[in-house]
Every structure is written in structure tokens, then in C-alpha cells.
Amino acid sequence: MTQEILHKEVVIIGSGPAGLTAAIYAARADLKPLVIEGPQPGGQLTITTEVENYPGFAEGIQGPELMEQFRAQAARFGTEFLVSWIDKVDLSERPFTLHTAEGTVKAETLIIASGASAKWLGIPGEAPAPHGLGGLGVSACATCDGFFFKGKKIVVVGGGDTAMEEATFLTRYASSVTVVHRRDHLRASKIMQDKAMKNEKIDFIWNTDVLEIIGTPESGVTSVRLYNNVTHEETTFDCEGVFIAIGHKPNTDMFKGWLEMDDIGYLKTNGHSMATNVPGVFACGDAQDSFYRQAITAAGTGCMAAIDAERYLDNLPVPTLTGEEVTIEGEIVTADHETIIMPDGEVISNHADGEAAPAGD
Ligand code: NDP
């Protein structure tokens with residue numbers, strides 16, 4: 001048996017905006033949370049440059065500096081940090097068990113803020129500078145970086161809703177946007193396709209793979225090398241920016257079999273709370289949000305998850321995926337709020353006087 005190294009009221013997996021906001025709230029509630037940081041401490045913002053849309057920074061702030069501020073704020077209230085890789089988890093009972101290389105960590109409540117990673121093509125020129133042109137004209141986030149491409153000619157790679165959304169958004173700034181897609185038809189929903197196709201600034205190159213992003217640290221991106229997979233022809237296409245929009249992968253593999261997730265791997269949470277299907281386990285940020293994926297929304301859901309965990313530890317009812325509410329002691333409040341099912345199975349009224357509510361109440 002591996003050695004238990006820590007036993008905490010609140011363990012947070014992930015140290016991006018969601019995880020560190022959860023930590024700030026849990027720490028200020030005197031729960032002495034532990035944040036387990038994975039291979040990319042600080043999350044996706046640590047590989048961006050200027051962040052101009054995070055409220056509170058009128059002049060903008062560098063992504064890594066913003067995350068240092070989050071971290072210092074969490075540490076100030078007593079958050080502990082552990083840099084470790086979690087091999088597997090056991091969520092069958094509380095305290096939950098996290099197996100790491102250093103030993104096991106026990107968690108009375110668990111907040112999953114493990115984030116998501118943009119998928120990349122793995123082609124030359126794509127890696128973050130200085131190894132490639134990432135940050136010098138290559139990006140995977142139009143909302144974050146589109147502003148820097150005013151009047152420029154841009155390529156968007158992909159054929160799904162993300163690619164259509166990014167292409168449409170980028171026409172606000174770019175002189176033209178060319179979508180390069182590997183097949184002859186799009187995966188995107190009809191409404192998103194129609195909007196992109198009607199946009200005069202967007203055109204399409206079909207049946208084409210991007211083989212390489214070309215440029216220098218001085219010039220930034222200057223072109224892409226393309227391969228038509230029907231004609232087998234190779235061409236060079238001039239552009240000043242490349243947005244890779246081939247999807248995201250939430251970092252949730254270790255929770256397969258324990259937590260409900262969609263086909264892509266985004267964790268399912270209750271609409272009214274950040275509770276997952278396992279009472280005491282909460283999810284926030286990009287690990288559960290496939291739609292907004294912004295630092296500020298991740299921070300918001302991190303706050304919500306911490307408040308949910310606090311309530312749960314205080315033995316207050318917390319909504320679950322089914323609409324029922326559960327307490328840490330195992331009481332279940334039914335979704336209609338009419339009855340409480342006690343841990344021993346006894347069913348009692350949820351009305352203050354013990355009587356069923358009169359009709360129409
Ligand atoms: P998708 O998986 O739907 O689409 C990915 C696209 O990238 C596909 O066209 C795919 O090509 C292409 N692709 C994948 N890998 C490669 C590769 N190695 N080389 C070249 N092309 C590649 O991901 P999205 O991020 O677009 O969407 C994910 C989910 O989020 C969807 O459910 C979508 O509906 C939703 N979403 C909704 C939005 C909205 O409604 N506003 C906005 C954004 C996303 P191929 O088609 O050949 O497989």
C-alpha cells in the first residue's frame with residue numbers, strides 16, 4: 001500500500017484561473033486547501049502573451065504575470081501547493097484517494113480544475129517560440145489574440161464549429177480569412193457554416209492539409225505550406241497569422257469510469273451548482289466548459305465550486321446532476337424539494353411543520 005502523504009478538507013486539481021480562484025475562496029473560508037499542480041502550472045494563460053479581456057487590468061496584463069497574481073493571492077490565505085502527477089483516482093468513497101508518485105492524497109471534497117488543452121497539428125513552425133512561431137503569429141484562441149491581427153491575412157485550420165466561430169470573429173480585424181479544411185465538406189453545424197460562408201471576408205481551401213508554418217522570429221508568420229490530398233499538389237499560401245481550430249481536449253482521462261462526461265470528455269455538472277455525479281466532487285473551468293472557455297468564466301466557476309464544497313462540508317444540501325440535493329451525511333432532498341430521504345431510507349417531509357405542502361403552495 002502506498003503511503004498517505006496528506007489528508008485535506010479540500011483538494012483542488014489544477015492551478016489555472018478556475019483552480020486558483022477555488023483556492024482563494026476555500027482558503028478564505030479557512031479550509032486550508034491543497035492545490036495539485038500538473039505539468040503546466042498556471043494553466044493555458046502561462047503560454048499566452050498579453051491578456052486584454054480580463055477585467056480589472058485596464059492596460060492589459062501578461063498571461064504569466066496574471067497567473068502569478070492569482071497564485072500569490074491563493075498562497076496569502078494559506079493555500080498549500082503540491083507539484084505532482086496524479087496517476088489514478090479512487091472516488092468510490094470519501095475521503096477520495098488520489099494516487100501520486102509521492103504517495104496518496106486523501107480529499108474530503110475534490111474540486112477538479114484540470115483544464116483543457118487546445119489540439120495542435122504537430123507540424124513544423126507551430127510550437128511556442130523560440131522553438132516555433134507560437135505567439136509570433138500562431139495561436140489557438142481568436143478571442144485572446146485576434147486583436148493583434150488588424151488588417152492582416154489569416155489562415156484558420158479546421159472544419160468544425162470552433163473553426164467557423166474563430167473565422168467569423170477574426171473578420172472583425174483581418175483583411176481576409178481563409179479556412180483550410182482537410183475534407184471537401186465541413187463538420188460544423190449548418191447555422192455556423194452558413195454564417196461563415198455568407199461572410200465576404202472568408203473563403204475556403206478544401207481537401208487540404210497544412211504541412212508547415214513558415215516565417216522567422218523577426219518577420220513572424222509569412223506563409224503556410226499546403227498539401228492537396230486529392231491532387232497531391234503542394235503549394236505555398238501567403239498569410240500573416242495562423243489559427244489552429246481543430247478542437248480541444250479536456251484533461252479528464254483520469255476520471256473516466258468515475259464521473260459522467262460527454263463524448264469529448266467534458267465533465268458534466270449540475271446547472272445550478274458545480275456538482276458532478278459523485279457527491280463531494282465538483283468540477284469547474286475548461287474541464288467542464290466546452291463553450292465559453294475564457295479565463296474569467298473559469299475563475300467564476302472556480303468560485304462557485306469552492307462555495308459548493310464549503311456548503312457540502314458544512315452539511316448543507318448541494319444540488320446534484322439529477323436536481324436532487326445531497327448532504328455530506330447522505331440525506332437526499334428530492335428535486336421537487338418536497339421530501340427528504342434519510343441515510344437509512346426513511347422518507348420525511350421537507351416542510352418546516354412536517355406536513356405536506358397544501359396544493360397550490
Ligand atoms: P470538432 O471536433 O467538432 O471539429 C474539429 C475539426 O477540426 C473537424 O473539422 C476536423 O476535421 C478538424 N481536425 C481535427 N483534427 C485535425 C487534424 N489533425 N488536421 C486537420 N484537421 C483536423 O471540434 P470543435 O472544437 O469545432 O467543436 C467541439 C464541440 O464544441 C462541438 O460539439 C461544437 O458543436 C461545439 N462548439 C459549439 C460552438 C457554438 O455553437 N457556438 C462553438 C464552438 C464549438 P474532420 O471534419 O475531417 O474530422
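Criteria and thresholds
Residues numbered from 1 in each chain as written. Predicted model: local features only at pLDDT ≥ 70, side-chain atom pairs only at ≥ 80, totals over all residues. Helix = DSSP H or I, 4+ residues; strand = E, 2+ residues; numbered from the N terminus. Buried ≥ 20, exposed ≤ 12 C-beta atoms within 10 Å, placed from the backbone. Contact = placed C-beta atoms within 7 Å. Axes fitted to C-alpha atoms, helices over the stretch in contact; angles between N-to-C directions. Parallel < 35°, antiparallel > 145°, perpendicular 65-115°, else oblique. Left-handed = near helix turned anticlockwise from the far one by under 90°. Nonpolar A, V, L, I, M, F, W, Y, C, P; charged D, E, K, R; others polar. Near = placed C-beta within 6 Å. Domains from an automatic or database assignment. Pairing = 2+ DSSP bridges.

Draft legend 1. Here's a closer look at the overall build of the protein chain. A tally of regular secondary structure across the protein chain gives six helices and 24 strands. Oriented by its inertia axes, the alpha-carbon framework of the protein chain measures out at about 75 × 50 × 45 Å. Counting only residues that meet the buried cut, the protein chain has 39% of its 361 residues in that class. Contacts in the protein chain between residues far apart in sequence, at least 24 positions, make up 57% of those at least 6 positions apart.

Draft legend 2. Local environment of the packing of helix α1 (residues 17–28) against helix α2 (residues 63–76). Where α1 contacts α2, the two axes come as close as 8 Å, and the packing angle between them is 25°. The pairing of α1 with α2 is recorded here as roughly parallel in orientation. For α1 against α2, the interelement crossing comes out left-handed. Where α1 abuts α2, its residues P17, L20, A23, I24 and A27 lie against F70, R71, Q73 and A74. A breakdown of the residues in the contact of α1 with α2 according to their chemical character gives seven nonpolar, one polar and one charged.

Draft legend 3. Structural view of the site of the ligand. Taken together, 16 residues lie near the ligand, and G159, G160, T162, I246 and G247 sit nearest. Ranked by residue count, the leading element in the shell around the ligand is helix α4 (residues 161–170), at four residues. The residue makeup of the shell around the ligand, split by class, is three nonpolar, eight polar and five charged.

Draft legend 4. Region of interest: the domain arrangement of the protein chain. Assigned domains of the protein chain: these are domain 1 (4–117 + 248–319), domain 2 (120–244) and domain 3 (331–361). Summarising the inter-unit geometry, the C-alpha centres of domain 1 and domain 2 are found 32 Å apart. At the interface, five residues of domain 1 touch five residues of domain 2.

Draft legend 5. Spotlight on the sheet that holds strand β21 (residues 325–326). Pairing is antiparallel in the open sheet, where five strands are placed in the order β20-β21-β22-β23-β24. Since the sheet does not close on itself, it has two edges, and those belong to β20 (318–319) and β24 (347–349), each with one partner. Across three bridges, strand β23 (residues 339–341) lies against β24 in antiparallel orientation. In the strand pairing of β24, I340 is matched with I348.

Draft legend 6. Representation of the packing of α1 against helix α6 (residues 295–313) in the model. Look at α1 against α6: their axes get within 7 Å of each other, and the N-to-C directions meet at 40°. With respect to α6, the element α1 is oriented oblique. When the axes of α1 and α6 are compared, the crossing they make is right-handed. Packed against α1, whose contacting residues are P17, A18, G19, T21, A22, Y25 and A26, the element α6 presents A295, A298, A299, T301, G302, C303, A305, A306, I307, A309 and E310 at the interface. When its residues are assigned to classes, the contact of α1 with α6 shows 13 nonpolar, four polar and one charged.

Draft legend 7. Main features of the environment of I213. Position of I213 among the secondary structure elements: in strand β14 (residues 208–216). In sequence terms I213 and P55 are 158 residues apart; their C-alpha atoms lie 33 Å from each other.

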